[in-house]
Amino acid sequence: MQKNRLWYLVIFTHLVFNLYAQHQEMHTPPHLWKGKKSVAEDSTSLLFAFKHGKVHGNLRYFFMATDNQNRLTDAYAHAAGGGLFYETASYKGFQMGVGGYFIYNIGSSDMTRIDPYTNTISRYETALFDLENLANKHDLDRLEELYLKYNWGKSHIIVGKQLINTPFINLQDGRMRPTEVGGIYSEIYPGKHNKLEGGYLYEISPRGTVDWYGIGESIGIYSNGVNINGTKGNYAQHIESKGIALIGYTHTLPKGHSLKLWNVYVDNVFNTTQVQYDTKQGNWVAGFQYTEQHAVNFGGNEDPTKTYFDPSQMSRVFSSKLGWENNQWKTSINYTRITGEGRYLMPREWGRDPFYTFMPRERNEGFGDVNAIVGKISYLADNFPLKTSLSYGVFKLPDVKHVALNKYGLPSYDQLNLEMIYEFENFLEGLEIQALYVHKSNQGNTYENEKYIINKVNMRNYNVVLNFHF
């Protein structure tokens, strides 16, 4: 976006700060498909199941703009789209679902434009459309879901293209549509206080893409960063993997305690294990996570210049929170430590960070030796459908030239997020507006090289999203 287009930003700022005043962090589960997928009663007829199925959908408009410092190239985007989803009623426990989504670029800056000072393109706005073809404005439709589901009691198993939301592979619904997966996935409830879920995934369609990819192919669609020796990352199209096996267990303990165990095994690439404990005592809440990662074989490729997870490294992540909350207010102070033993790695194509310190529009994936502290406060209005939040984080990262622990050349930074969600009622029921303002300021040494600044620090990012769910 050229500087003479900054009036877009002025209008947005006026909307956010004068109409809504505050914002809420989007903690609710991403909901591109917001309709309820209920299980109707069985009938003796398969035709009955199809005639009594449920249809729901979504219309979506997304404005996003990034304002970089000084002479660096800005960007803006207007995207509009919609989708329909159909799920049959239950027939002897079986259901079928199918859904698709279309997107149009209805007026944006040039997604193919390269900044002349850093040789980079827009980082955020491009993911609203097609990262594999930045010039694509109209051919953006995608088959979102196509599956067969079997239900028994509260449990179910799904085979095919579907949505899942796990700590490491999740919807990351911060653009026009979420990340989809293809495979076998089940949720089982063995007893009142237990949940067992997991399965095998053989394909993924990341957000910001149109096509479906095998697991190895999906790693590297986004930026490849640099290798641990500083050479340019080159693992895209070079990772060999047959699939992902993941399993999660949740045990709800008495008196507000819960324990979660997760393991994600990516064939021939890496294994990740996480333990999470959460508790609530009165209005006080606390949580703790421990995550550990190791390479599998050569980390994706025998050639160290083309591998994803260098086998000479491993990673450990400790994350914690302490907070106070009631029906209207939620507050917390959060801390994450990634040790210096190696980079924490999880393909950005698959989901966002699961740590308590996560803030929309940035991640700590790809870094080691990290100290992050984030304060969060959110408010849900009483008898008024407005959710607002404020969060502020300080992220201490390795020096940008310490490439073994800094994959993407991101300096230490401070980040401020203001968010809000307003759900309309009565005549406009189903309509929702979301607004997000992000400001990131540099706190590290950039060596007077603007490639460490553009779309990373000393920038502002503006978002307005309109959803109509039906």
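As the structure is a prediction and not an experimental result, all values here were calculated from the model.

Attention now moves to the side chain of S108. Following the sequence through the fold, S108 ends up in the loop between β3 (94-105) and β4 (142-152). Relative accessible area serves as the criterion here: at 17%, S108 is assigned to the buried category. A distance of 3.0 Å separates the side chain of S108 from the backbone nitrogen of H78, its partner in a polar contact. A polar contact is formed between the side chain of S108 and the side chain of N105, at a distance of 2.7 Å.

Summed over the entire model, instances satisfying the criterion amount to 4 cavities of 30 Å³ or more. Taken as a whole, the largest cavity encloses approximately 90 Å³ of empty space. What lines the largest cavity is a set of 13 residues, and nearest its centre among them are T73, D74, A75, R113 and S122. Classifying every residue of the lining of the largest cavity gives 4 nonpolar, 5 polar and 4 charged. Roughly 60 Å³ of internal volume is contained in the second largest cavity. Along the walls of the second largest cavity sit D353, F355, T357, F358, M359, E362, R363, N364, F395 and Y413, which together make up its complete lining.

Moving on, we come to unusual backbone geometry. A positive phi angle is found at N70, which is not glycine, with a value near 50 degrees. Among the structural elements, N70 can be located in the loop between β1 (54-68) and β2 (75-87). Looking at N70, the relative accessible area reads 59%, which means it is exposed. Of note, K92 is a non-glycine position whose phi angle comes to about 55 degrees, a positive value. Looking at the secondary structure, you find K92 in the loop between β2 and β3. Of the residues examined, K92 reaches a relative accessible area of 54% and is grouped as exposed.

In the case of a regular strand, side chains alternate between the two sheet surfaces. Along strand β6 (residues 180-188), 7 of the 9 residues are buried, which leaves the element largely enclosed by surrounding structure. Relative to β6, strand β5 (residues 155-162) runs antiparallel, the two sharing 7 bridges. Its bridge partner being in β6, G160 is matched across the sheet by G183. With 9 bridges joining them, β6 and strand β7 (residues 194-205) adopt antiparallel strand pairing. When the sheet's bridge partners are listed, I188 is paired in β7 with L196. Counting the residues between successive antiparallel strands, the hairpin from β6 to β7 contains 5 residues, one of them, G191, with a positive phi of roughly 105 degrees.

What follows concerns the nonpolar core. Judged by nonpolar contacts, the single largest core of 41 residues is most densely connected at I169, I244, L246, V266, F270, Y308 and W350. Those elements that place two or more of their residues in this core are β6, β7, β9 (244-253), β10 (257-266) and β15 (370-380).

Calculation rules
Residues numbered from 1 in each chain as written. Predicted model: local features only at pLDDT ≥ 70, side-chain atom pairs only at ≥ 80, totals over all residues. Heavy atoms only, no water. Helix = DSSP H or I, 4+ residues; strand = E, 2+ residues; numbered from the N terminus. Buried < 20%, exposed > 50% of the residue type's maximum accessible area, 1.4 Å probe, protein only. Polar contact = N/O pair within 3.5 Å; in protein donor to acceptor, adjacent residues only side chain to side chain. 1 Å grid on protein atoms, 1.4 Å probe; cavity = no way out; pocket = protein on both sides within 12 Å on 5 of 7 lines; lining within 4 Å. Points joined across faces, edges and corners; volume = space filled by probe spheres on them. Nonpolar A, V, L, I, M, F, W, Y, C, P; charged D, E, K, R; others polar. Pairing = 2+ DSSP bridges. Core = buried A, V, L, I, M, F, W, Y, C linked by side-chain atoms within 4.5 Å.

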